[in-house]
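The chain contents come next:
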Amino acid sequence: MIGQANFLQSLGWAVLNSLWQLALLWVIYQIINGAFRTAKSSFRSSLASSLLISGFAWFLYTFFSVYSINSPGTVISSALIGTEGNQQLNDWLHQSLPIASVLYLVLLVLPLLHFIRNYRYVQVIRKFGLTKINANWRMFVTNVSARMGISKKVSIWVSEFVSSPVTVGFLKPVILVPLAAINHLTPQQLEAVLLHELGHIKRYDYLVNLIINFIQSILYFNPFVKAFVRIVEREREKSCDEMVLQFQYDSHDYATALLALEKNSLDSKPLAVAASGKKNDLLHRVEIIMGVQKKSALSFNKLAGLMAGLLCVIALNAFLLFSKPGNDNRAASLPEWSPSFSFSEAESNTFNNTAETIELSSGIINRPEQKQPEVISTVPSLAGFISS
């Protein structure tokens, strides 16, 4: 029971601290993103994924650091935040955190089942329902992947289970193309779409996507995790679009191909990296491809997100820090007085020796405790002078 209580307390502290930890990392991302507005999408995607992974590592470190302590109530996080002086707050947290941890574990079943189901779906589509594609397309993928510096062998198949070209696998990447894409797209459009998928392979997007979706499943309650995931998904698609345009493909044909794929696509699985990306971001991507993107400005959503992150950090830390310890206040409020008499050190020792002699001779009088009474003080307390 003690081990279970320690586990629940540690998990509760880690969950509570993850809110302001990810909020702090979100604020850091917004500051860096505002300082480097002209940075490429690959930089933003890498920065967001790195901060998200760092936040998850911070969550794990908080849990294990608190769990390794016998009394987890005395430590809140690796940030050295403590409330050991506020007994009322500690009592409330000790009662609430185990309940919150149990509720978190119960609800964790749903996102984990969703993650496992998507992973199994990806494994199914890479093994079943496949037919060989034309040899010209296999040669195109081999040649372009070599030009892009991709050392792994990339396979390409026609799949009956996908409605848009997707990339699955990390060690053995596979590009799956629906038959409708081959029939409805021109050769130049299909080349641009395949180049987009090769861009995902070069960036290791499948592995990164697997990691961030797992983190989102574990920290499903954290809104800043969802915000980071949306940024990574949006910026990685824009980065691959930039790769396609670097190969001098026609921007109009490429944008038309993306819109055609989106029109025929169904809901894609999160673990499979599709060329069409998210529906809500496709229009913005097309505007960038066509060169009609509006001039970037500080939008209300970005400002609201930045303020929300700051308020979350301040509020949670204020909840933990701004409660003054009761013991310290009581000690500081003691009346300031100077004793009318005092014993010197020699007289104090003589008093103790006399008491011991009486105890040994009579055996009736109990031996006094070694700790001297508070009224016998050789020097008045400095706290009274300092507080005055």
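Look up: the structure comes first, before these words.
Residues numbered from 1 in each chain as written. Predicted model: local features only at pLDDT ≥ 70, side-chain atom pairs only at ≥ 80, totals over all residues. Heavy atoms only, no water.

Draft legend 1. Layout of the overall build of the protein chain. Secondary structure assignment for the protein chain yields 14 helices and five strands. Here the protein chain, with 388 residues, has 40% of them falling under the buried criterion. Partitioning the intrachain contacts of the protein chain with sequence separation of at least 6 by distance along the chain shows that 76% fall at a separation of at least 24. Carbon together with sulfur atoms contributes 62% to the accessible area of the protein chain, which is approximately 22,600 Å² in total. (Helix = DSSP H or I, 4+ residues; strand = E, 2+ residues; numbered from the N terminus. Buried < 20%, exposed > 50% of the residue type's maximum accessible area, 1.4 Å probe, protein only. Contact = heavy atoms within 4.5 Å. Areas by Shrake-Rupley, 256 points an atom, 1.4 Å probe, with all protein chains shown as cover.)

Draft legend 2. Representation of the environment of Arg126. Residue position: Arg126 is located in the loop between helix H3 (87-125) and strand E1 (130-132). Taking relative accessible area as the criterion, Arg126 reaches 22% and is therefore assigned partly exposed. For the pair Arg126 and Val174, spaced 48 residues apart in sequence, the C-alpha to C-alpha distance is 7.3 Å. Excluding residues that lie within four positions of it along the chain, Arg126 makes contacts with Val168, Gly169, Lys172, Val174 and Leu176.

Draft legend 3. Region of the structure containing the pattern of salt bridges. Considering all chains together, one arrives at six salt bridges under this definition. In this structure, Glu235 and Arg234 form a salt bridge, with 3.6 Å as the shortest nitrogen-oxygen distance. In this structure, Glu235 and Lys238 form a salt bridge, with 3.6 Å as the shortest nitrogen-oxygen distance. With Glu235 and Lys238 both in helix H8 (residues 223-246), this residue pair falls three residues apart, about one helical turn. Across the pair, Lys238 and Glu235 agree in class, each one buried. (Salt bridge = Lys/Arg side-chain N within 4 Å of Asp/Glu carboxyl O.)

Draft legend 4. The arrangement of the packing of helix H4 (residues 135-147) against helix H6 (residues 187-202) in detail. As a packed pair, H4 and H6 sit with axes 11 Å apart at the nearest point and diverge in direction by 45°. Judged by the angle between their axes, H4 and H6 are oblique. Like other packed secondary-structure pairs, H4 and H6 cross with a definite hand, here right-handed. Along its contact with H4, which presents Trp137, Phe140, Val141, Val144 and Ser145, the element H6 presents Pro187, Leu190, Glu191, Leu194, Leu195 and Leu198. Looking at side-chain class alone, the contact of H4 with H6 contains nine nonpolar, one polar and one charged residues. (Axes fitted to C-alpha atoms, helices over the stretch in contact; angles between N-to-C directions. Parallel < 35°, antiparallel > 145°, perpendicular 65-115°, else oblique. Left-handed = near helix turned anticlockwise from the far one by under 90°. Nonpolar A, V, L, I, M, F, W, Y, C, P; charged D, E, K, R; others polar.)

Draft legend 5. View of the environment of Leu8. Among the secondary structure elements, Leu8 is positioned in helix H1 (residues 2-35). Of the residues examined, Leu8 reaches a relative accessible area of 19% and is grouped as buried. Taking the C-alpha atoms as reference, Leu8 lies 8.2 Å from Ile99; in sequence the two are 91 residues apart. What Leu8 contacts, discounting residues up to four positions off in sequence, is Leu97, Pro98, Ser101, Val102 and Leu105.

Draft legend 6. View of the packing of aromatic side chains. Per the counting criterion, the structure on display carries 16 aromatic pairs. An angle of 75° between the planes, with centres 5.1 Å apart, marks the rings of Phe63 and Phe64 as edge-to-face. Both rings, one in Tyr104 and one in Tyr220, keep their centres 5.5 Å apart while their planes meet at 0°; by these two values the pair is stacked. With Tyr104 in helix H3 and Tyr220 in the loop between helix H7 (205-218) and H8, the pair connects residues that are 116 residues apart, well separated along the chain. The buried category is assigned to Tyr104, whose relative accessible area is 7%. Through a chain of ring-to-ring contacts, three or more aromatic side chains come together here, namely Phe7, Phe63, Phe64 and Tyr67. Across from the ring centre of Phe170, 4.8 Å away, lies the NZ or CZ of Lys152, which sits over that ring. (Phe/Tyr/Trp six-rings, centres within 6.5 Å; stacked < 30°, edge-to-face > 60°. Lys NZ or Arg CZ within 6 Å of the ring centre and 35° of its normal.)

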